[in-house]
Every structure is written in structure tokens, then in C-alpha cells.
Amino acid sequence: MFIRNRFTAALLFLLAGNPVLGATDAGISAAEGDASPTAGVAAAPAQPKASEAVFRTEELDQMMAPVALYPDSLLAQVLMAATYPGDVADAAAWSKAHPDAEGDAAVKQVADQPWDPSVQSLVAFPAVLATLGQDPAWVQRMGDAFLAQPDAVMDAVQRLRRQAQAAGNLESNEQQKVSVETAPASSTTTVVQPASSSQTIIIEPADPQVVYVPSYNPTTVYGTWAYPSYPPVYYPPPPGYYIGTALAAGLAFGAGVAIIDSLWGDCDWGRGDIDIDVNRYNNINVNRRIDASQRKFVHNPIHRDGVPYRDNFNRQQNGLRLSGGEQRESLRGYDAQRTAERQKARQSLEKRGVQAPATSNRQARERAQAADREMRSTSQQRPRAQNNQQLRQQARQQQTARQGPRNNAFAGARQPSVTRQSINRGEASRQSSSRSQKASAGRQVQRPAHAPARGGARRR
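Quantities reported herein were computed from a predicted structural model and do not represent experimental measurements.

## Digging into the pairing of strand β8 (residues 273–276)
Here's step 1: Across 4 bridges, the pairing between strand β7 (residues 265–268) and β8 is antiparallel. By the bridge assignment for β8, D268 is matched with D273.
Here's step 2: Between β7 and β8, which follow one another and run antiparallel, lie 4 residues, and G272 among them has a positive phi close to 70 degrees.

Dropping the structure here:
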């Protein structure tokens, strides 16, 4: 009894003192609590941030350079959507097939799509999806970085904005409003930071209901790039998305997109996460409404669609099997007894020398390659026949030498016409011989008779 009480107390202590286990349970319940998954906004407190450094500073700057100068609200939607790279690829294909769809109307058209709401919101901006659709691997890396290192991603964005501002390529105009805020000083901070790192650059639309998506070349807009080994990549938009062309160094803007509810996220630079405007979210996502108390973005693994996580924390946090998995397997037709019977039959075939069928495409491919190599090796070892007739003759001679002379009693059985001709020739020869014998037997030979010679000379 004493041992059982000690074990129970230790278990309760671990569950109460381990934030990762608590967050895991909260994340699973939040993901499954809603019949129709929301944007990953959990009913439980937000999960703790990952601390594993998956990407280095130069890698973060490189991947964030193409989107760091987007307005804060649009950047927040991009970061949330990038955690679902498969949905982003599908949304980019849909937007390309519907070039005239934009704004809130486009978002309502995809309300029945199984994408995360953060991805659905991006169809309001065809230019953004045209950029993200050019490199799915880059989108996945950006989402993985935001899941594993949200603070580092936010710092990279601010670092790039300061570089663009110092190069004279980031300022307020008719399309956007650029402001600088000083981060509040912390009483517990002892490390002295440069003045520039304590400033936060905010980018907002000049008109709250009209958003202009900037287009720029990262290789020039940020001035001298600090990491030559990690240069930024430029994803030029397709023709027609922007009016005119970007300057050699600077930003170009296309036509503004009228937005009311499609942008419901915003960057929380102080905490390194995304805030949710619940009212806007519920207005545009009528089928996936969330509670007013849920004001932070939490990743929803249901919309990950099997894409693996790059860091250990998210693999443990979001890669766990959700409860009720056994029921879902039975609905898909999975039967444990049938699987055991198949395994038993496969083992029986192997004992009899029959190779079991491949269990995966990779195994089938390897078997095919091995069979092809074996066939090629056998063909190389076998001498190539240059005269098939000669080889067949040699085979006949070898067969005759092994079995002795062949009995030709039935040699013509397969060719009756040849046999008949031979019989006819023999019969004709026999008849001809018979006629000649009969003719010679019935004819009398007459010879001239000569008088016997008498003695004496013959008179003349």
C-alpha cells in the first residue's frame, strides 16, 4: 500500500511539473474537440514554444527575405499558412485556375475546401500565392522555422526590415505606413543590446481596408547582404500581377486588394507569436467559428497532411497518435485478425519456396532491379549465337551421340503427303518391272538357221 501511494504521488508530480506533457494533452484535446478543425486555435492555453535551434541566423535571414517586407497582418497569415505546406500548394493551384478571384469573395469560394483557414485567407491575394507556389520546399522550411523557432523568425524579420530601412528602401507612402516602436525595457534584463535591436518596425496598410502586396528583389532591397554564402532568393511574380516593374532597388505595388475580414491575424512582436482577431475570423469562417477567448495561434496537426516535422519538439507534440485512432482504423476496413491471417499465409508460402509479394513500392523496385541485373549477367555469360542453324545441328548430333541411332519407323508420320509420294513411286517402279518381265516371257526369239557345213569346198 505504501509503495502504491508513493508511485501515485510521483506520477502526479511528473504530470504537474512537466509542461511538455501538459501541453501535449492540451494540444490533442484542442485538435479533436471540434468536429470541423479550426485554424489551430486551441481552447487550452497555448503550447510552450520550442527551443531547438533548427536553422541558423543566416538561414533564417535567407528564407525570410522574400516576405519580411509584407504588412504585418499579411505576414502573420503567411507564417501560419506555411506550417501547412500541402494546403498552400493546393491553394496556389486553385488561385492559378481562378485568376479573377480575390478579396473576401475568393475566401468565401473556398470555404468548403479542407484547408486550414489561414491558407484559405491567402486566396484573397493571388500575388502572394503566386510567389509561394514557386518553391514548395521554401514554404515548408519557413513553416518549420516558425514552429521550431518563432522568436528567431520574428527577430530575423526585424533584422531585415532594419537593413532595408537603412538602405533607404523602406518608408511610408500611399500604399503602406511604416512606423518604429521602442520595445519596453525589462527590469530583469542585464545584457546591454544595441539601440537598433530594441526597436520594432511596424508595417501597416495606409488604408486598413485596402492591402497592397509589395514586390521587390531581396538581393538589392536590403543593401549589402551580410551572408554571401547564403544569398536570398528572388521569386518574381508572373506578368500581370503588378503594375509596372520594380525599381533596381525598391518596392513596387500592384492594385490594392479590398479586405474586410480575410486578414484576422497580426504579429505580436513582443511575444514572438500570432494574435487572432476573433471577430474577423468568425465573420469570414462561418463554418469554423471559435470562442472569443481564443486569441493566439496554435498549430493544428490535422491539416499537416502527413508532412513530417523538422524538430524533435513538434514531432513529439504534434506527431502523436490522436485518441480514437482504433475506431478510425476499423472504419477504414483495418482488421487485426485478417492481417494475422495474411501474415501466416505469407510465412507458409516462404516455407514452400515461394517468395512473398513485396510489401512496399521500394521493395518491389529493388526486386525488379535485382532480377534485371541477374538476367543481364546470365546473358553476358552465355555465348551469343551467330548461326542458329549450326547450333541446332550440333544439338542434334549431341542428342544422337547420347541416345544412339534413331528409329525411323515413324519418320514420315507427320508428313503424309511425302510418305504417299514415296509409296506411289515404289508402286510405279514395281509395276514397270512387272510389265517388262511379262513382255519378255511371251515373245519367241527367232534366229536365222544356217545349213550345216558339208565337207568339201563350197561351190560358187
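## Concerning a negative patch on the surface
Here's step 1: A cluster of like negative charges, contributed by E181, E204, D266 and D277, occupies part of the molecular surface.
Here's step 2: Here D266 is to be found in strand β7.
Here's step 3: For D266, a relative accessible area of 36% corresponds to the partly exposed category.

## Considerations on helix α10 (residues 150–166)
Here's step 1: The first and last C-alpha atoms of α10 sit 25 Å apart over 17 residues, in line with the 24 Å expected at 1.5 Å per residue.
Here's step 2: Along α10, the positions that sit buried rather than exposed are P150, V153, M154, A156, V157, Q158, L160, R161, R162 and A164.
Here's step 3: In the segment just after α10, G168 is the residue with positive phi, at about 80 degrees.

## Some details on the nonpolar core
Here's step 1: In this structure, M64, F125, M142 and Y222 are the most contacted members of the largest nonpolar core, which totals 73 residues.
Here's step 2: When residues in this core are grouped by element, the largest group, 8 residues, is from helix α4 (residues 72–82).
Here's step 3: Setting aside its immediate chain neighbours within four residues, M142 contacts M63, M64, V67, V78, L79, A82 and L132.

## Some thoughts on the pattern of salt bridges
Side chains that differ in sign of charge can pair as their charged atoms come close.
Here's step 1: Taken as a whole and judged by the stated rule, the model has 10 salt bridges.
Here's step 2: We note a salt bridge from D268 to K296, for which the minimum N-O separation is 2.9 Å. In this pair, D268 sits in strand β7 while K296 sits in the loop between α12 (278–284) and α13 (312–318), placing the two residues 28 residues apart along the sequence.
Here's step 3: Overlapping salt bridges bring together D268, R271, D273, D275 and K296 as one network.

## Quick notes on the packing of α4 against α10
Here's step 1: In the contact formed by α4 and α10, the axes pass within 13 Å of each other and the chain directions differ by 140 degrees. The angle between α4 and α10 falls in the class oblique. As α4 packs across α10, the resulting crossing turns out to be right-handed. Residues D72, L75 and L79 of α4 form the contact with α10, whose participating residues are V153, M154, V157 and R161.
Here's step 2: Counted by class, the contact of α4 with α10 contains 5 nonpolar, no polar and 2 charged residues.

## Let's talk about the packing of aromatic side chains
Here's step 1: A full pass over the atoms with the stated rule returns 6 aromatic pairs.
Here's step 2: Each member of the aromatic cluster is reached from another via a ring pair, and the members are Y216, Y222, W225 and Y227.

## A short note on the environment of W94
Here's step 1: Within the secondary structure layout, W94 lies in helix α5 (residues 85–97).
Here's step 2: Residue class for W94 comes out buried when judged on its relative accessible area of 13%.
Here's step 3: Residues W94 and L129 lie 35 residues apart in sequence; the distance between their C-alpha atoms is 9.5 Å.
Here's step 4: When neighbours within four sequence positions are excluded, W94 is seen to be in contact with A101, A106, Q109, V110, Q113, W115 and V123.

## Concerning unusual backbone geometry
Here's step 1: Of note, the phi angle at D305 is positive, near 60 degrees, even though the residue is not glycine.
Here's step 2: Structurally, D305 is set in the loop between α12 and α13.
Here's step 3: Residue classification places D305 among the exposed residues on the basis of a relative accessible area of 51%.

## A closer look at the packing of helix α3 (residues 57–64) against α10
Here's step 1: Relative orientation of the contacting elements α3 and α10 amounts to 65 degrees, with a least axis distance of 9 Å. Here α3 lies roughly perpendicular to α10, going by the angle between them. Relative to α10, α3 is oriented so that their crossing is right-handed. Of the residues in α10, those in contact with T57, L60, D61 and M64 of α3 are A152, V153, A156, V157, R159 and L160.
Here's step 2: Of the residues that constitute the contact of α3 with α10, the class distribution is 7 nonpolar, 1 polar and 2 charged.

## With respect to helix α9 (residues 136–148)
Here's step 1: The end-to-end C-alpha separation of α9 is 18 Å, in line with the 18 Å expected for 13 residues at 1.5 Å each.
Here's step 2: The set of residues buried in α9 consists of W138, V139, M142, G143, D144, A145, F146, L147 and A148.

## Re the confidence of the model for the protein chain
Should pLDDT be low for a region, the predicted coordinates there are not to be read in detail.
Here's step 1: With 69% of its residues at a pLDDT of at least 70, the protein chain reaches an overall mean of 76.
Here's step 2: Predicted confidence is poor over residues 321–326, with pLDDT under 50, and the contacts of this stretch with residues over four places away or in other chains come to 7 contacts.

## Description of the environment of L69
Here's step 1: Note that L69 resides in the loop between α3 and α4.
Here's step 2: Residue class for L69 comes out buried when judged on its relative accessible area of 0%.
Here's step 3: Along the sequence, L69 and Q158 sit 89 residues apart, while their C-alpha atoms lie 9.4 Å from each other.
Here's step 4: When near neighbours in sequence (up to four residues on either side) are disregarded, L69 contacts R161, A164, L170, I203, P214, Y216, V221, Y222 and L251.

Rules and cut-offs
- Residues numbered from 1 in each chain as written.
- Predicted model: local features only at pLDDT ≥ 70, side-chain atom pairs only at ≥ 80, totals over all residues.
- Heavy atoms only, no water.
- Pairing = 2+ DSSP bridges.
- Helix = DSSP H or I, 4+ residues; strand = E, 2+ residues; numbered from the N terminus.
- Patch = residues over 30% accessible without salt bridge, like charges linked within 9 Å, V, L, I, M, F, W, Y side chains within 5 Å.
- Areas by Shrake-Rupley, 256 points an atom, 1.4 Å probe, with all protein chains shown as cover.
- Salt bridge = Lys/Arg side-chain N within 4 Å of Asp/Glu carboxyl O.
- Lys, Arg positive; Asp, Glu negative; His and termini not counted.
- Charge placed at Lys NZ, Arg CZ, Asp CG, Glu CD.
- Buried < 20%, exposed > 50% of the residue type's maximum accessible area, 1.4 Å probe, protein only.
- Expected span 1.5 Å × (residues − 1).
- Core = buried A, V, L, I, M, F, W, Y, C linked by side-chain atoms within 4.5 Å.
- Contact = heavy atoms within 4.5 Å.
- Axes fitted to C-alpha atoms, helices over the stretch in contact; angles between N-to-C directions.
- Parallel < 35°, antiparallel > 145°, perpendicular 65-115°, else oblique.
- Left-handed = near helix turned anticlockwise from the far one by under 90°.
- Nonpolar A, V, L, I, M, F, W, Y, C, P; charged D, E, K, R; others polar.
- Phe/Tyr/Trp six-rings, centres within 6.5 Å; stacked < 30°, edge-to-face > 60°.
- pLDDT = per-residue confidence, 0-100.

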